[in-house]
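Each chain, letter by letter, is given below.
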Amino acid sequence: AQSVAQPEDQVNVAEGNPLTVKCTYSVSGNPYLFWYVQYPNRGLQFLLKYITGDNLVKGSYGFEAEFNKSQTSFHLKKPSALVSDSALYFCVNQAGTALIFGKGTTLSVSS
Amino acid sequence: DVKVTQSSRYLVKRTGEKVFLECVQDMDHENMFWYRQDPGLGLRLIYFSYDVKMKEKGDIPEGYSVSREKKERFSLILESASTNQTSMYLCASSFRWRPNSPLHFGNGTRLTVT
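This structure is a prediction, so every number in the text was calculated from the model and none was measured.

1. Quick word on the overall build of chain A
1) Next: Looking only at helices and strands, chain A has zero helices and twelve strands in total.
2) Next: Order of helices (α) and strands (β) in chain A, N terminus to C terminus: β-β-β-β-β-β-β-β-β-β-β-β.
3) Next: Taking 13 Å as the expected radius of gyration for a compact globule of 111 residues, we find that chain A reaches 13 Å, a close match to that expectation.
4) Next: Summarising its shape, the C-alpha atoms of chain A cover approximately 40 × 30 × 20 Å along the three principal directions.
5) Next: Counting all 111 residues of chain A, 43% fall into the buried class.
6) Next: When contacts within chain A are restricted to residue pairs at least 6 apart in sequence, long-range pairs at least 24 apart make up 53% of them.
7) Next: Carbon and sulfur atoms provide 47% of the accessible area of chain A, an area that totals close to 5300 Å².
8) Next: Distance between charge centroids for chain A: 6 Å, based on 8 positive and 7 negative side chains.

Structure follows, in structure tokens:
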């Protein structure tokens, strides 16, 4: 079965430290991987996507993600976390109208 | 900038009531989606539509119906609300003919059924 897994329900980091939010996938065919962020009481917002090409993808708010085919991973990263990055993050495989969502990871950045 | 507007942020309804959740988008998107979001369960697709008057069941359509009479509007209907339909409901839209374009989400409607 196709799936997207976010192995951590919560990630805690201190402001200024690097952050990583993990995502692994199991899909048939080519993966089309997206990261979305959800701030409290808001809808999801698009951060970045990998379709093809460079394995390192840069997105909004200083976030980036690295596609690793051999490890079937697409981890979200940021070199220096901000308190305002605290939110719920979703990894999604999106092929047209067929979307597979991960369960989400809550990122908490402390000052 | 794409705007997806959900008519209500918070809604409280009684068991057995018929409930309408409205969603409007202003970017001429063909695809529109309704999800519900529950703690620990993530987002689950209720219905989606890829064109006017077209609808497809998602993963959890039971107890819901939808209406798409105009391209910009996608309504979710709870025929007879029950307490297990208390949830956050999210509407989203996207281009049909650009399959890798991002989804655009509304801010959600938090529905409580008492």
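2. Focus on the environment of Tyr89 of chain A
All names here are of chain A.
1) Next: Examined against the element boundaries, Tyr89 turns out to sit in strand S10 (residues 87–95).
2) Next: Overall, the relative accessible area of 0% leaves Tyr89 in the buried class.
3) Next: C-alpha of Tyr89 to C-alpha of Lys22: the two residues are 67 residues apart in sequence and 9.9 Å apart in space.
4) Next: Setting aside its immediate chain neighbours within four residues, Tyr89 contacts Gln6, Trp35, Tyr36, Val37, Leu47, Phe63, Leu76, Gly104, Thr105 and Leu107.
5) Next: One polar contact links the side chain of Tyr89 to the main-chain carbonyl oxygen of Asp85, over a distance of 2.5 Å.

3. Points about the interface of chain A and chain B
1) Next: Tallying the contact residues gives 19 residues for chain A and 21 residues for chain B.
2) Next: Together, Asn41, Thr97 and Phe101 of chain A form the three largest contributors to the area buried by chain A at its contact with chain B, with a combined 30%.
3) Next: Across the contact surface, chain A and chain B share zero salt bridges.
4) Next: Applying the counting rule to chain A against chain B returns eight residue pairs in polar contact (both at pLDDT 80 or more).

4. A look at the state of the cysteines
Residues and elements named next belong to chain B.
1) Next: Under the defined criterion, the tally for this structure stands at two disulfides over all chains.
2) Next: Here Cys23 pairs with Cys91 through a disulfide, and the sulfurs are 1.9 Å apart. As the torsion about the S-S bond is roughly -75 degrees, the Cys23-Cys91 disulfide counts as left-handed. On the criterion of sequence distance, the pair formed by Cys23 in strand S3 (residues 19–25) and Cys91 in strand S9 (residues 87–94) is long-range, its members being 68 residues apart. One exposure class covers both Cys23 and Cys91, and it is buried.

5. Some words on the pattern of salt bridges
Residue and element names in this part refer to chain B.
1) Next: Per the stated rule, a full pass over the model turns up nine salt bridges over all chains.
2) Next: Its salt-bridge partner being Lys71, residue Asp28 comes within 3.1 Å of it at the nearest N-O pair. In this pair, Asp28 is assigned in the loop between S3 and strand S4 (31–38) and Lys71 in the loop between strand S7 (64–70) and strand S8 (73–78), connecting sequence segments 43 residues apart.
3) Next: Judged by relative accessible area, which is 49%, Asp28 ranks as partly exposed.
4) Next: The class for Lys71 is partly exposed, based on a relative accessible area of 23%.
5) Next: The partner of Lys53 in a salt bridge is Glu69, and the shortest N-O contact between them spans 2.5 Å. A residue pair is termed long-range when its members are at least 10 positions apart, and Lys53 in the loop between strand S5 (42–49) and strand S6 (56–57) and Glu69 in strand S7 qualify at 16 residues. An identical accessibility class is assigned to Lys53 and Glu69; each is exposed.
6) Next: A single salt-bridge network, built from bridges that share partners, covers Asp28, Glu30 and Lys71.

6. Considering the pairing of strand S8 (residues 64–68) of chain A
Residues and elements named next belong to chain A.
1) Next: Pairing geometry for strand S7 (residues 56–58) and S8, over three bridges, is antiparallel. Its bridge partner being in S8, Leu56 is matched across the sheet by Glu66.
2) Next: A loop of five residues connects S7 with S8, the two strands running antiparallel in sequence, and Tyr61 in this loop sits at a positive phi of about 60 degrees.
3) Next: Note: S8 against strand S9 (residues 73–78), five bridges, orientation antiparallel. Residue pairing in the sheet places Glu64 in a bridge with Lys77 of S9.
4) Next: Between S8 and S9, which pair antiparallel and follow one another directly, the connecting turn spans four residues, one of which, Thr72, has a positive phi of 45 degrees.

Parameters and conventions
- Each chain carries its own residue numbering, running from 1 in the direction its sequence is written.
- Here the convention is simple: chains get letters from A, ligands get numbers from 1, in the order in which they are written.
- The model is predicted, so local features are restricted to residues of pLDDT at least 70 and side-chain atom pairs to those at 80 or more, both for listing and for counting; the totals for chains, interfaces and linings are taken over all residues.
- Side-chain calculation: all heavy atoms of the structure are included, whereas hydrogens and water are not.
- Starting at the N terminus, helices and strands are each numbered in turn, a helix being any DSSP run of H or I of at least four residues and a strand any DSSP run of E of at least two.
- Between the two quantities, the radius of gyration covers C-alpha atoms and the globule rule is 2.2 Å times the number of residues to the power 0.38.
- Here's how the labels work: a residue is buried when its accessible area is under 20% of the maximum for its type, exposed when over 50%, partly exposed in between, all with a 1.4 Å probe on protein chains only.
- We call two residues in contact when some of their heavy atoms are within 4.5 Å.
- Residue burial considers only the protein chains on display, and all accessible areas are found by Shrake-Rupley using a 1.4 Å probe.
- Under the convention used here, Asp and Glu are negative, Lys and Arg are positive, and both His and the chain ends fall outside the count.
- The atom standing in for a charge is NZ when the residue is Lys, CZ when it is Arg, CG when it is Asp and CD when it is Glu.
- Each polar contact in these results corresponds to two N or O atoms within 3.5 Å; when the atoms are within protein, one needs to be able to donate a hydrogen and the other to accept it, and residues that are neighboring in sequence are counted only if both atoms are side-chain atoms.
- What counts as buried area is the accessible surface, traced by a 1.4 Å probe, that two parts surrender upon association, with contributions from both included.
- Basic side-chain nitrogens of Lys or Arg form a salt bridge, by our definition, when they fall within 4 Å of a carboxyl oxygen of Asp or Glu.
- Here, a disulfide means two cysteine sulfur atoms that sit within 2.5 Å of each other.
- Criterion used throughout: strands pair if DSSP finds at least two bridges between them.

Honestly, that's just the spatial picture; any functional story needs more than this.
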